Amino acid sequence: EIKKYKINIKLFDPYFTSEEIKDIVNLETFKFPEELNQFDALVIAVNHNSFIIDNSKIYNYLINCKYILDNFGIWKNLGLTEKGIEYHISGDENWLN
């Protein structure tokens with residue numbers, strides 16, 4: 001759905017190879033967390049253990065990020081709003097604004 005707006009989208013899932021992701025959803029992948037710096041917005045759709053990262057490391061990778069929608073709240077305790085990132089858990093107040 002998002003692709004029809006010509007927004008550049010990449011996907012990371014530790015359970016699939018880059019080739020499988022390309023074949024299944026026709027999207028490019030990126031290295032997590034090292035290449036998070038290329039995004040201004042993130043959607044965390046699953047709560048894989050691979051996404052659990054401490055805040056001393058994650059801040060270095062989110063230097064360009066302005067908005068995060070976290071479906072499960074896996075990063076809720078990282079203090080992202082204090083770092084200037086608009087952070088929402090799916091369903092919270094203003095999560096779609």
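Each remark here, short or long, concerns the structure printed above.
Residues numbered from 1 in each chain as written. Predicted model: local features only at pLDDT ≥ 70, side-chain atom pairs only at ≥ 80, totals over all residues. Heavy atoms only, no water.

The next thing to look at is the nonpolar core. Within the largest apolar cluster, 17 residues are counted, with the highest numbers of intra-cluster contacts made by Leu36, Leu42, Ile58, Leu62, Ile68, Trp75 and Leu80. If we ignore the near neighbours within four places in the chain, the residues touching Ile58 are Leu36, Ile53, Trp75 and Leu78. (Core = buried A, V, L, I, M, F, W, Y, C linked by side-chain atoms within 4.5 Å. Buried < 20%, exposed > 50% of the residue type's maximum accessible area, 1.4 Å probe, protein only. Contact = heavy atoms within 4.5 Å.)

The omega torsion across Phe32 and Pro33 is 0°, close enough to zero to call that bond cis. Inspection of the secondary structure puts Pro33 in the loop between strand S2 (28–29) and strand S3 (41–44). The phi dihedral of Lys6 falls on the positive side, at around 60°, and the residue is not glycine. Residue placement: Lys6 occurs in the segment before strand S1 (10–11). Assessed through its relative accessible area of 76%, Lys6 is described here as exposed. (Helix = DSSP H or I, 4+ residues; strand = E, 2+ residues; numbered from the N terminus.)

For the rest of this paragraph, the subject is the sheet that holds strand S4 (residues 67–70). With respect to topology, three strands assemble into an open sheet ordered S3-S4-S5, the strand pairing being parallel. Whereas interior strands pair on both sides, the edge strands pair on one side only; in this sheet they are S3 and strand S5 (86–89). Sheet twist, expressed as the average angle between the axes of neighbouring strands with direction ignored, equals 10°. Examined bridge by bridge, S3 and S4 share four bridges and lie parallel to one another. If you follow Ile44 over to S4, its bridge partner there is Asp70. (Pairing = 2+ DSSP bridges. Axes fitted to C-alpha atoms, helices over the stretch in contact; angles between N-to-C directions.)

A separate point is the side chain of Asp13. With respect to the secondary-structure elements, Asp13 resides in the loop between S1 and helix H1 (18–25). Given a relative accessible area of 15%, Asp13 falls into the buried group. A distance of 2.9 Å separates a polar atom in the side chain of Asp13 from the backbone nitrogen of Tyr15. (Polar contact = N/O pair within 3.5 Å; in protein donor to acceptor, adjacent residues only side chain to side chain.)

Moving on, we come to the environment of Leu69. Topologically, Leu69 is positioned in strand S4. Exposure remark for Leu69: the relative accessible area of 13% places this residue in the buried category. Separated by 14 residues in sequence, Leu69 and Asn55 place their C-alpha atoms 17 Å apart.

Within the secondary structure, Asn64 is located in the loop between helix H2 (55–61) and S4. Taking the relative accessible area as the measure of exposure, Asn64 reaches 38% and is therefore partly exposed. On a C-alpha basis, the gap between Asn64 and Phe39 in space is 6.2 Å, while along the polypeptide they are 25 residues apart. A distance of 2.5 Å separates a polar atom in the side chain of Asn64 from the backbone oxygen of Asn37.

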